[in-house]
Amino acid sequence: MKMIIAIIQNADEQLLIETLNQKEYSVTKLATTGGFLKIGNTTLLIGVEDTEVEKVLEIIRGICQPREELVTTPVAPAFGNDIYTPYPVEVRIGGATIFVMDVEHFEKI
Ligand code: 2BA
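Since the structure is predicted, the reported quantities are computational estimates derived from the model, not experimental observations.

(A) Structural context of helix H2 (residues 53–63). Of the positions making up H2, those classed as buried are Val 53, Val 56, Leu 57, Ile 59, Ile 60 and Ile 63. Around the axis of H2, the buried residues are gathered within 155 degrees of arc, so they sit on the same side. Those residues of H2 hidden inside the fold are in contact with strand S1 (2–8), helix H1 (10–22), strand S3 (40–48) and strand S6 (96–102).

(B) The environment of Thr 32, seen in detail. In this structure, Thr 32 sits in strand S2 (residues 28–33). Other than its neighbours up to four places away in sequence, Thr 32 contacts Ile 39, Gly 40, Asn 41, Thr 42 and Thr 43. At a separation of 2.6 Å, a polar atom in the side chain of Thr 32 contacts the side chain of Asn 41. Only 2.9 Å separates the side chain of Thr 32 from the side chain of Thr 43, close enough to count as a polar contact.

Rules of the game
- Residues numbered from 1 in each chain as written.
- Predicted model: local features only at pLDDT ≥ 70, side-chain atom pairs only at ≥ 80, totals over all residues.
- Heavy atoms only, no water.
- Buried < 20%, exposed > 50% of the residue type's maximum accessible area, 1.4 Å probe, protein only.
- Helix = DSSP H or I, 4+ residues; strand = E, 2+ residues; numbered from the N terminus.
- Arc of directions from axis to C-beta.
- Contact = heavy atoms within 4.5 Å.
- Polar contact = N/O pair within 3.5 Å; in protein donor to acceptor, adjacent residues only side chain to side chain.

Below is the structure:
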């Protein structure tokens with residue numbers, strides 16, 4: 001058995017969970033925050049048999065879209081001016097960041 005950990009954008013969460021549930025994959029959703037942008041994202045835990053991993057990854061690839069996000073970073077002051085100027089920078093957020101891990105033990109009580 002494998003545990004798929006998928007960090008996705010909030011915008012893709014509803015459709016992805018609905019699609020996985022329709023195909024009878026169990027999903028646990030965690031509300032998470034990206035360490036770099038400090039904006040909310042969604043982490044899904046999906047436990048599946050080894051033979052199902054590629055099918056689930058295909059579903060994620062088909063739904064999760066990369067997007068550009070404008071982030072405002074302060075630019076260091078120059079020429080004796082001590083005011084930090086906000087400067088918008090475009091950051092590309094991937095459709096999904098996925099980890100697939102071995103599950104040592106699985107039990108439902
Ligand atoms: P964040 O950490 O908020 O990162 C959002 C996006 O900012 C990243 O998109 C990447 O394009 C950029 N970014 C992140 N760290 C950077 C850095 N040190 N310098 C320059 N740009 C940087 P993604 O790579 O698609 O990541 C989306 C979200 O997935 C991340 O949100 C984080 O929550 C998670 N993630 C990505 N890689 C991870 C990893 N190796 N381990 C754990 N979580 C990860």
